[in-house]
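# Chain and residue survey
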Amino acid sequence: MAELQTTLGLLSCAAFLSAAPLQARAEDRALLIGIGTYENLPEDMFLHGPKNDVKAIRQLLTETLSFKPEAIRLLTDEKATRQAMLSSMDEWLIAGTVPGDRVYLYFSGHGLQVKDASGDEEDGMDEAISTYDIKADETDWTNVILDDDLEAVLEKLKGRAVTLVIDACHSGTISRSLSPQAVSGVKGARYLPRPFARTAKQPATRGLRIDLGVVDKPAELTAGGLTAWSAAAAYQVAWDDVRLPIEDRHGVFTSAYIAGYTPGESDANSNGLVSNAELFEYVTKKSKEYCSALENCDNLDPQLESLPEALGTSVATPEPYKAEQTIADQPQDKPEPVYQKTKLEAGVAPAYVDADPVAAIGDIVGKVDTGDVTVSLDIGPMLKNGQAFKISVTSKYDGNLVLLDVNGEGIATQIFPNDMAQKITPLTAGSTLTIPDDYYGFDFEAEGQGENMLVAIVVSDAVDLKGVAPSAKGLTAELDARQSLSEIVSRLQKAWTGDAENRSVRWSLGTLKYTIE
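Residues numbered from 1 in each chain as written. Predicted model: local features only at pLDDT ≥ 70, side-chain atom pairs only at ≥ 80, totals over all residues. Heavy atoms only, no water.

### A short note on the sheet that holds strand 24 (residues 450-459)
Read from one edge to the other, the open sheet built from 6 strands follows the order 17-28-24-20-21-25, with strand pairing classed as mixed. Both edges of this open sheet fall to strand 17 (382-383) and strand 25 (479-480), since each of them pairs with a single strand only. Pairing between strand 20 (residues 400-406) and strand 24: 7 bridges, direction antiparallel. Bridge pairing in strand 24 places L401 opposite V458. (Pairing = 2+ DSSP bridges. Helix = DSSP H or I, 4+ residues; strand = E, 2+ residues; numbered from the N terminus.)

Next up, the structure:
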């Protein structure tokens, strides 16, 4: 199965093809689907969270994302039949929008796997989302919406700014391998085992792996304007928040995703702009906090698939966020952040970025500098033009280092890796790497004026970064800071599949702001 399987293949159903002409000018559109009760499933397979999830997402769209109420269509429970879901995707989202419009597609409910009939899946299974009228035959689920179906929809939406959010999991390995006794003991998990594995007392679960999860052609679809979010990595389980009373329940992912739109929650660099990367780090943190407190949850890693350059862009129109200022950490005369509109290569609707390339680093990486990696200059953070200096990096964890120097003009220099170093070896936890050392045969000299930032990324997993940070770029090439950093971080957000269970890549961040006078 590909990393981001939002396989949305061709639909053969003629009813899916709308005869309505494309409007000359359309409005943004959203389709929110939440299914908790099912026509052909027993009550012990019903879900409590979806009805609350769609209401909360609708509020997010109208109050934060400036969607008009009449531009939002809800399909819940008995209204969310297979035919209604497919026809709404066609005539409401596809025929009702034009390139440049925003399209928002949200699903909350059961996910599942069925036997692959088209032969396009490596594991022989198609990912699918449930419908109100889902049915079970003797061996498999029927009357579902396949990942192939969804992919066809996304193909037709190219050029729009499409946000796909799936609060469900696919968890194919779990649903095929757990014993009925083990399955029945997982309270609040969101996955739907295949019919022949079903027990008489099935817990409330949500199943779909759109791990990215329902997309087999991630590069093609994200290039067309897609940003896709899913609640869990492949072979993980998404959850209802069982800490809440039944009538108040939400998906763990949906709750974190909505809360993360508030700058006070997720704005790691406190510049008033919540970026995709910051939101991703926030929902990951909240998901792991929930999982660590739950006995049956081994791991929970939400997934984000987008263009790399979208990581540092805003998820909503930013508003200046005024954190409490102290003399020590935030001078009273600190200027308000300035935002500028930007458009991605896909030609979709504009978003915002911090106009200051140094300040924007936090938006791109998403992480807070927690001190796991320390960066220092031998002469301190205040330099004079032409002054020689050395850089030292120390990490709490073993890993491969990427070190960038970003100036106020948005130009980056890749300090490490580089072809000048005697050899490129992983950092050892607790040891210090000094650049340049005696083997380089030269010193670094401060050049220019203004504020700069050193960004150190230490990757503990064996992720191949040669394509985005080759040593040949080291020290000599002038790089676009936003682009280079975005490409590196995007690569680190892919699910790590080197272990038996998929999880997020392990990497740490360290930064140092310094000034040249």
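### Side note on the packing of helix 2 (residues 82-94) against helix 3 (residues 147-156)
The interhelical angle for the contact between helix 2 and helix 3, taken along N-to-C directions, is 10°, at an axis separation of 10 Å. In this view, helix 2 runs roughly parallel relative to helix 3, as classed from their interaxial angle. When helix 2 is examined against helix 3, the residues R82, M89 and I94 are found in contact with a partner set consisting of D149, L150, V153 and K156. Here the contact of helix 2 with helix 3 is composed, by residue class, of 4 nonpolar, no polar and 3 charged. (Axes fitted to C-alpha atoms, helices over the stretch in contact; angles between N-to-C directions. Parallel < 35°, antiparallel > 145°, perpendicular 65-115°, else oblique. Contact = heavy atoms within 4.5 Å. Nonpolar A, V, L, I, M, F, W, Y, C, P; charged D, E, K, R; others polar.)

### Some details on the pattern of salt bridges
Evaluated as defined, the whole model comprises 16 salt bridges. In this structure, the salt-bridge partner of K51 is E247, at a minimum N-O distance of 3.6 Å. Placement of the pair is K51 in helix 1 (residues 50-63) and E247 in the loop between strand 12 (238-239) and helix 7 (252-259), with a sequence separation of 196 residues. Note on K51: relative accessible area 33%, which makes it partly exposed. A salt bridge links D461 to R503; the shortest N-O distance between them is 2.9 Å. Of the two residues, D461 sits in the loop between strand 24 and strand 25 while R503 sits in strand 27 (residues 503-504), which places them 42 residues apart along the sequence. Across this residue pair, the class does not change: D461 and R503 are buried. (Salt bridge = Lys/Arg side-chain N within 4 Å of Asp/Glu carboxyl O. Buried < 20%, exposed > 50% of the residue type's maximum accessible area, 1.4 Å probe, protein only.)

### Some words on helix 9 (residues 276-292)
Count 3.6 residues to each turn of an α-helix, and residues three or four apart come out pointing the same way. In this model helix 9 runs 24 Å from its N-terminal to its C-terminal C-alpha over 17 residues, within 8% of the 24 Å that 1.5 Å per residue would give. The element helix 9 is extensively covered by neighbouring structure, given that 12 of its 17 residues are classed as buried. When we look at burial in helix 9, the residues that qualify are N276, A277, E278, L279, F280, E281, Y282, V283, T284, S287, Y290 and C291. (Expected span 1.5 Å × (residues − 1).)

### Here we look at the pairing of strand 19 (residues 391-395)
Of all 5 residues in strand 19, 5 are buried, a share of seventy percent or more. Neither face of strand 19 is exposed, since I391, V393 and S395 on one face and S392 and T394 on the opposite face are all buried. Across 5 bridges, strand 16 (residues 373-377) lies against strand 19 in antiparallel orientation. Counted as the bridge partner of V375 is V393 from strand 19. Bridge analysis of strand 19 against strand 22 (residues 432-435) gives 4 bridges, and the strand direction is antiparallel. Bridging from a neighbouring strand, S392 pairs with T434 of strand 22.

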